[in-house]
Amino acid sequence: MSAGASNPEYVNARVRSRRASLFSDEDYRKLIRMGPSEIARFMEETEYEREINELGTRFSGVDLIEYALNRNLAKHFDDLLDWSKGRLYDLIARYLRKFDVWNLKTIIRGIYTDTDPEDIQTDLIRAGELDDRTIDRLLEADEIEDAIEVLYGTSYYEPLTVAYEEFEESGALVSLENALDREFYENLLADLGRPQEGPEAKYVEFLEAEIDFRNARNALRLARSGADLDPATYYIDGGVLFDESDLNRLVGDYDALVDHIADSRRYGDRLSSALGRLRDADSLIQFEHALDAALLEYADTLSSIYPASVSAVLSYILAKEREVENIRAIARGREVGLDENEIEEELVIL
C-alpha cells in the first residue's frame, strides 16, 4: 500500500473540472448527424485535439477516432493516479485494473472470432497494470489457450485455466469472461472488509452496486442465450442484491428481475429514472445500456451525498468511459450506415 496521507479534496476538485468538459447529450446528437471525418474534426476542437493531431498522420476515419479515444482515456486515468496520494492512490489503482479485464476480454474475443491483431488493438485501453510487453505477446497468440499461457504468473492465469475446460465443453465465451470479472471483483474486495463508515465504506458500496448490476446483466444474458448453463456458475460474490438462489429464480423472468432491483432498499429510491428505462427495455442491448445508466446514476448520487469520498472519482471514471463508448458507437454506426435512430439506441444517454 502507498504510504502517506490521502488528498481527496484536491483530487475531487481536479475531477470536477474534468467532468465539466465531458461531452453533453446534445453533443452526441450533433455527432450522430456527422460522418467519421466530420466527427474527427469536431473532436479536434475539443480536449481530444492533441490525440487527433498526433495520430492523424498515421490513421484516418474510424481508426483515428478509436485510437484517439483510447489514448485520451488512458491519459486521463494516468492523471488520476498522478494527482492521488496514499490510500486514495491505492483505491483508484485497484479499480483501474478493470481495464486489464477489458483488454483480456477483447483479446480473447478477437482470437475467438479470428480478428486481425491490428483490429483488436484499436479496442485496447492501456490503463491497467498489465505492461505493454505482455499485451503485445497476447496479441501474437493464435489460440485462446496460448493467450492464457502468456498470463502465467498473474492472478488471471488460474481462473482462466479452470474456465477454459468449461469453454471447451460449451463453446461459450461467457465462462472465460465471467472468470475474469469474478477474479477482478472478488480480489478487489478481498482485503477491504465491509467498513460501515468513512470514505472506504462508499468505495465498497459502489463496488457492491457494480457487482449487483453485473450479476443482473449475466442473468439476462444467460436467459437470452438459450444455452444450457447453470446461472449459479456465473454468480459473482460480493454484491448485496442477489444470492445464488435469487439468480437461479430470476434468470428466466425479466419483469421479476427488474422488480427485484426496484423493491430493494438500497436501489429502489435512488434509481427512479433508471428503473423506468429498465422496465421499458425490449432488447438485451437496451437492458445493458439501462444498467450502465443506473450504475452511473447511483455513482453520481453517492458522490453528491459524500463529496469528500472516492465516489466522485469513480463516478468520473464511469462518465469518461461512457463518453468514449458513445463516441465510438456513433463513429462505427456511421461507418456501417446505420440511421440516426439505430445509432441512438446504441448510446447510454441519461
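The sections below set out a description of the structure shown in this document. Being a predicted model, the structure only gives us computed values, none of them experimental.

### Things to note about unusual backbone geometry
Its identity is not glycine, yet Asp-114 carries a phi of approximately 55°, on the positive side. Assignment of secondary structure puts Asp-114 in the loop between α7 (98–112) and α8 (117–121). For Asp-114, a relative accessible area of 71% corresponds to the exposed category.

### Some thoughts on the environment of Val-313
Along the chain, Val-313 turns up in helix α18 (residues 311–335). Along the primary structure Val-313 and Ile-111 are separated by 202 residues, whereas in three dimensions their C-alpha atoms are 33 Å apart. Among all residues touching Val-313, those that are not within four sequence positions of it are Val-11, Asn-12, Val-15, Leu-80 and Ile-92.

### Regarding the packing of helix α5 (residues 61–83) against α18
At a minimum axis separation of 10 Å, α5 and α18 run at an interaxial angle of 175°. Between α5 and α18, the crossing angle belongs to the class labelled roughly antiparallel. In this structure, α5 uses Val-62, Ile-65, Glu-66, Leu-69, Asn-70, Asn-72, Leu-73, His-76, Phe-77 and Leu-80 to contact α18, whose residues at the interface are Val-313, Tyr-316, Ile-317, Lys-320, Glu-321, Val-324, Ile-327, Arg-328, Ala-331, Arg-332 and Glu-335.

### A short note on the pattern of salt bridges
Within this structure, the stated rule accounts for 30 salt bridges. Between Glu-288 and Arg-217 there is a salt bridge, with its nearest N and O atoms 3.6 Å apart. Separated by 71 residues along the polypeptide, Glu-288 in helix α17 (residues 284–305) and Arg-217 in helix α13 (residues 199–225) bring together distant segments of the chain. For the pair shown, Glu-288 and Arg-217 are each scored as buried. Each of the salt bridges in this network shares a partner with another, and the network as a whole consists of Glu-66, Asp-123, Glu-325, Arg-328 and Arg-332.

### With respect to α7
With 15 residues, α7 should reach 21 Å at 1.5 Å per residue; the first-to-last C-alpha distance of 21 Å fits that figure. Most of α7 is tucked away, with 12 of its 15 residues classed as buried. Looking only at α7, the buried set comprises Lys-98, Phe-99, Asp-100, Val-101, Asn-103, Leu-104, Lys-105, Thr-106, Ile-107, Ile-108, Gly-110 and Ile-111.

### Focus on helix α11 (residues 157–170)
In an α-helix, one turn spans 3.6 residues, which is why side chains three or four residues apart end up on the same side. Helix length check: α11, at 14 residues, gives a terminal C-alpha distance of 20 Å against a target of 20 Å (1.5 Å per residue), a fit within 8%. Tyr-164 marks the point of greatest bend in α11, at about 25°. Turning to α11, its buried residues number three or more, namely Tyr-157, Leu-160, Ala-163, Tyr-164 and Phe-167. Elements that come into contact with the buried residues of α11 comprise α7, α10 (144–150) and α12 (174–190). Gly-171, located one to two residues past α11, shows a positive phi value of around 75°.

Here is what the cut-offs are and how they apply
Residues numbered from 1 in each chain as written. Predicted model: local features only at pLDDT ≥ 70, side-chain atom pairs only at ≥ 80, totals over all residues. Heavy atoms only, no water. Helix = DSSP H or I, 4+ residues; strand = E, 2+ residues; numbered from the N terminus. Buried < 20%, exposed > 50% of the residue type's maximum accessible area, 1.4 Å probe, protein only. Contact = heavy atoms within 4.5 Å. Axes fitted to C-alpha atoms, helices over the stretch in contact; angles between N-to-C directions. Parallel < 35°, antiparallel > 145°, perpendicular 65-115°, else oblique. Salt bridge = Lys/Arg side-chain N within 4 Å of Asp/Glu carboxyl O. Expected span 1.5 Å × (residues − 1). Bend = angle between axes of the 7 residues up to and from the residue.

Read these as geometric descriptors, not functional statements.
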